[in-house]
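The lines below spell out each chain.
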Amino acid sequence: MNKTSLFLMKINFMPKKKSMLNKKSIDFLEKYLNNASPTGYEWEGQKIWMNYLKPYVDEFITDTYGTAVGVINPKAAYKVVIEGHADEISWYVNYISDNGLIYVIRNGGSDHQIAPSKVVNIHTKKGIVKGVFGWPAIHTRNRGKEEPPKLENIFIDTGCATKEEVEKLGVHVGCVITYPDEFHILNGDKFVCRALDNRMGGFMIAEVARLLKENKKTLPFGLYVTNSVQEEIGLRGAEMITQTIKPNVAIVTDVTHDTTTPMIDKKKEGHLELGKGPVVAYAPAVQQKLRDLITDTAEEKKIPFQRSALSRATGTDTDAFAYSNGGVASALISLPLRYMHTTVEMVHREDVESVISMIYETLLKIKEGETFSYFK
């Protein structure tokens, strides 16, 4: 057993309110997060997720690009989706210079400003090749005219002196690059890792399925626990799988910004905070009667939540589901997160549990055949 697991066991037995997350859940979360799952290369993470979910569902659906769906009551005509996305931001090798330095392009919304001095994993057919994003020492830079990190000047050093040396390692244009930063906990209740956006979503919907099974709850509809791929480059996995499932309802979970840290304008981004509960979205793609069911259920069950107004699109897989198949009643529940698209993304354990509770309790309220029509 590793140190993180031992530490988590101690947390689970602290004299606080009883957690719905057991040791098996946390062990899965740690394994799932520590595995790389870059956009377009999600399948190893999906295998970990499906293996955990297997005891709690009746069957699986997978598609050509790697989206995975655990299905409960697959023969039911009425279909409800609960969804997260599996991919993480990364880089591609774009150019290898004659002196063996590697230049990159983005795979998703990778942040060039955090790259300098980061260790990286370059994924090749020969295995992982280690490298570092180099940066000129402070002593050699022009202090009067500091050049900031940007896509054109960040580079990876693998310790090779020539392009040929790099290529002998198995590195070529198109190899995907991830950060190796792993899961840990701050102050007992803050989960920190790269790729919490949005493997926390996959974790939370899997926990909903676990609770339904363990609590012996029978649903009057088919439940499609959906872990989509390629969200980070345009909601593509959700766009594909919604055509396969053809759901009646979709409850999507993703992350959103905690806006209480420095350099964030609350007048622009709203006031959202870690530890204050899930964030329920208000946006054109969000079906209002479904959203009202979620918020009414949260109030009844005393689940704390926050609200966020989103202009035009939500920017999440909610949009892909809502506008598919002639219109699918869709809603978005977001997990507050600090430092999005960095290697130290942070969420609050209680918010995670509240998202799980909110989805779980809402599912128990949905009636078979419910249209959520405004015209009844």
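Residues numbered from 1 in each chain as written. Predicted model: local features only at pLDDT ≥ 70, side-chain atom pairs only at ≥ 80, totals over all residues. Heavy atoms only, no water.

## Some details on the state of the cysteines
Following the criterion strictly, the structure yields 0 disulfides and no others. The cysteine Cys-160 is free of any disulfide, with Cys-175 supplying the nearest cysteine sulfur at 13 Å. (Disulfide = S-S within 2.5 Å.)

## Observations regarding the pattern of salt bridges
Under the definition given, this model contains 15 salt bridges. In this structure, the salt-bridge partner of Lys-23 is Asp-27, at a minimum N-O distance of 2.5 Å. Highlighted residues: Lys-23 and Asp-27, both in helix α2 (residues 23-34), separated by 4 residues, approximately one helical turn. Under the relative-accessibility criterion, Lys-23 is labelled partly exposed at 30%. Taking relative accessible area as the criterion, Asp-27 reaches 24% and is therefore assigned partly exposed. (Salt bridge = Lys/Arg side-chain N within 4 Å of Asp/Glu carboxyl O. Helix = DSSP H or I, 4+ residues; strand = E, 2+ residues; numbered from the N terminus. Buried < 20%, exposed > 50% of the residue type's maximum accessible area, 1.4 Å probe, protein only.)

## Re the sheet that holds strand β10 (residues 184-186)
Across the sheet, which stays open at both edges, the 3 strands sit in the order β10-β11-β17 with antiparallel pairing between neighbours. For this open sheet the edge positions go to β10 and β17 (345-348), each flanked by a neighbour on one side alone. Across the sheet, the mean angle from the axis of one strand to that of its neighbour is 30 degrees, orientation sign disregarded. Where β10 lies against strand β11 (residues 190-193), 3 bridges are found, and the strand directions are antiparallel. Counterpart to Ile-185 in the pairing with β11 is Phe-191. The sheet contacts of helix α10 (residues 349-363) involve β11 and β17, and relative to β17 the element is tilted by about 65 degrees. (Pairing = 2+ DSSP bridges. Axes fitted to C-alpha atoms, helices over the stretch in contact; angles between N-to-C directions. Contact = heavy atoms within 4.5 Å.)

## Some details on helix α8 (residues 288-300)
Helix length check: α8 (13 residues) gives 18 Å between terminal C-alpha atoms against 18 Å at 1.5 Å per residue, within 8%. Here α8 has its buried residues at Leu-290, Arg-291, Leu-293, Ile-294, Thr-295, Thr-297 and Ala-298. Close packing links the buried residues of α8 with β13 (249-257), β14 (279-282), β16 (329-337) and α10. At the N-terminal boundary of α8, the capping side chain belongs to Gln-287, with an oxygen 2.9 Å from the backbone nitrogen of Lys-289. Positive backbone phi, at 60 degrees, marks Lys-302, one or two positions downstream of α8. (Expected span 1.5 Å × (residues − 1). Polar contact = N/O pair within 3.5 Å; in protein donor to acceptor, adjacent residues only side chain to side chain.)

## Describing the sheet that holds strand β4 (residues 90-96)
Read once around its circumference, the closed barrel built from 6 strands follows the order β4-β5-β8-β7-β6-β9, with strand pairing classed as antiparallel. Mean inter-strand twist for the sheet, computed between neighbouring axes without regard to direction, equals 45 degrees. In this structure, β4 lies alongside strand β5 (residues 101-107), joined through 6 bridges in antiparallel fashion. Each bridged residue has a counterpart across the sheet, and for Ser-90 the counterpart in β5 is Asn-107.

## With respect to the nonpolar core
Core analysis: the largest hydrophobic core is formed by 79 residues, its most contacted members being Trp-49, Ile-82, Phe-191, Leu-223, Val-352, Leu-363 and Ile-366. Ranked by the residues each element gives to this core, the list is headed by helix α5 (residues 196-214), at 10 residues. With residues near it in sequence (within four places) discarded, Leu-223 still touches Gly-70, Val-71, Ile-72, Val-80, Ile-82, Leu-212 and Leu-363. (Core = buried A, V, L, I, M, F, W, Y, C linked by side-chain atoms within 4.5 Å.)

## Quick word on the layout of surface pockets
Remark: the empty space left among the atoms is shown by a probe the size of a water molecule rolled over them. One number sums up the size of the largest pocket: a volume of about 520 Å³. Forming the walls of the largest pocket are 27 residues, and the residues nearest its centre are Val-255, Thr-256, His-257, Leu-310 and Thr-314. When residues of the lining of the largest pocket are traced back to their parent elements, those giving at least two are β13, α7 (266-269), β14, β15 (306-309) and β16. A per-element tally of the lining of the largest pocket places β13 first, with 4 residues. Considered as a void within the structure, the second largest pocket measures approximately 300 Å³ in volume. In this structure, the second largest pocket is lined by 17 residues; those nearest its centre are Met-20, Ile-303, Glu-353, Ser-354 and Ser-357. Top contributing element to the lining of the second largest pocket by residue count: α10, with 8 residues. When its residues are assigned to classes, the lining of the second largest pocket shows 6 nonpolar, 4 polar and 7 charged. (1 Å grid on protein atoms, 1.4 Å probe; cavity = no way out; pocket = protein on both sides within 12 Å on 5 of 7 lines; lining within 4 Å. Points joined across faces, edges and corners; volume = space filled by probe spheres on them. Nonpolar A, V, L, I, M, F, W, Y, C, P; charged D, E, K, R; others polar.)

## Some remarks on the packing of α2 against helix α3 (residues 43-53)
Between α2 and α3, the shortest axis-to-axis distance is 10 Å and the interhelical angle comes to 170 degrees. As the angle between them shows, α2 and α3 are arranged roughly antiparallel. Residues Lys-24, Ser-25, Phe-28, Lys-31 and Tyr-32 of α2 form the contact with α3, whose own contacting residues are Gly-45, Gln-46, Ile-48, Trp-49 and Tyr-52. Partitioned by chemical class, the residues of the contact of α2 with α3 number 5 nonpolar, 3 polar and 2 charged. (Parallel < 35°, antiparallel > 145°, perpendicular 65-115°, else oblique.)

## Regarding empty space enclosed by the protein
Per the counting criterion, the structure on display carries 1 cavity of 30 Å³ or more. Looking at the largest cavity, its volume works out to about 90 Å³. Around the largest cavity sit Glu-88, Ile-89, Tyr-179, Arg-194, Ala-195, Asp-197, Glu-232, His-341, Thr-342, Thr-343 and Glu-345, which together line it. When grouped by side-chain class, the residues that make up the lining of the largest cavity number 3 nonpolar, 3 polar and 5 charged.

Shape descriptors only; they carry no functional weight alone.
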